[in-house]
Amino acid sequence: MKQQINLFQGQDKQNKNRFSLTHIITLFVVSIAINLSYYFYNDSILEQNLVALHKLEKQVAKLNQLKDKLQPLQQGDNASISKRLQVLARERIQKNQILDVITKATSEQYKISTYIYSLANNTLSGLWLTNILIDRTQSSITLTGITRKSELLPEFIRLLSTDETLKNIIFQKIDIQRNEEDTNYSFTISTHK
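Going along each chain's sequence as written, the residues are numbered from 1 onward. Owing to the predicted nature of the model, reporting of local features is limited to residues with pLDDT of at least 70; listing and counting of side-chain atom pairs is limited to 80 or more, with chain, interface and lining totals taken over all residues. Hydrogen atoms and water are omitted, and side-chain values are computed over all heavy atoms in the structure.

A. Local environment of a nonpolar patch on the surface. Patch membership requires over 30% relative accessible area and the absence of a salt bridge. Like charges are linked within 9 Å, and nonpolar side chains (Val, Leu, Ile, Met, Phe, Trp, Tyr) within 5 Å. Here, Shrake-Rupley sampling with a 1.4 Å probe gives the accessible areas, and only protein chains in the shown set may cover a residue. Just to be clear on terms, a salt bridge is a Lys or Arg side-chain nitrogen sitting within 4 Å of an Asp or Glu carboxyl oxygen. On the surface, a cluster of nonpolar side chains totalling about 840 Å² of accessible area is made up of Leu21, Ile25, Phe28, Val29, Ile32, Leu36, Tyr39 and Phe40. Among the secondary structure elements, leucine 21 is positioned in helix 2 (residues 21–69). Working definition: with a 1.4 Å probe on protein chains only, accessible area under 20% of the residue-type maximum means buried, over 50% means exposed, and in between means partly exposed. By relative accessible area, which is 62% here, leucine 21 ends up exposed. By the criteria applied, helices consist of DSSP H or I runs no shorter than four residues and strands consist of E runs no shorter than two, each listed in order from the N terminus.

B. Just the side chain of asparagine 122, in detail. Looking at where asparagine 122 falls in the secondary structure, it is placed in the loop between helix 4 (112–121) and strand 1 (127–135). Classification of asparagine 122 by relative accessible area gives buried; the value is 9%. Counted as a polar contact is a pair of N or O atoms within 3.5 Å, where, for protein atoms, one must be capable of donating a hydrogen and the other of accepting one, and residues adjacent in sequence contribute only when both atoms are in side chains. Side chain to side chain, asparagine 122 and aspartate 163 meet in a polar contact 3.0 Å long. By definition in these notes, contact holds between two residues if any of their heavy atoms fall within 4.5 Å. If near-sequence neighbours (up to four positions away) are discounted, asparagine 122 is found in contact with Phe156, Leu159, Leu160, Asp163 and Leu166.

C. The arrangement of the pairing of strand 2 (residues 140–147) in detail. Burial runs high along strand 2: 6 of the 8 residues are buried. Bridge count between strand 1 and strand 2: 8 bridges; the pairing is antiparallel. Within the sheet, the bridge partner assigned to leucine 127 lies in strand 2 and is threonine 147. In short, DSSP must find at least two bridges between two strands for them to pair. Of the pairings in the sheet, the one linking strand 2 to strand 4 (residues 185–190) comprises 6 bridges and is antiparallel in character. Considered in strand 4, the bridge of glycine 145 is made with phenylalanine 187.

Shown next, in the form of structure tokens:
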């Protein structure tokens, strides 16, 4: 009698246990989890794409509105554009002139406050200034006032010529008139004729 011993018989039982029901269920659950995560990932990307698409649609709508506002150029438009450019050029020149005046006004040489300060410090009893006009564009000063005695006016002009700020000012026009209602004199002195 011969007896055969099968040494691999125990391994067959182990191979049969490899694909047990628990392994299959675990594999099934893992595959479902992978599929769900892939689904949610794709869903989030789809949502981002929808938001981007919505933004693009808004931008396209704005562009279409702007396009509708634009009118195509017609034959006469060149002339109207040229006229508009001329008007704008003149406005620019005027604004630059205003800017120059303002720049001069803020520079130390043309400060109005220094003139007012000097006029306030040089006073005579019996002579009052009623109006001060300082025109920086023409570099002129006009003083209007009232005096009780006409002799005070030349004395006032001499007093102004001794002031450091006003010494270079030369008054070229002097006008004095007696008021009929009272004994006072109205005067105007100016640096331009």
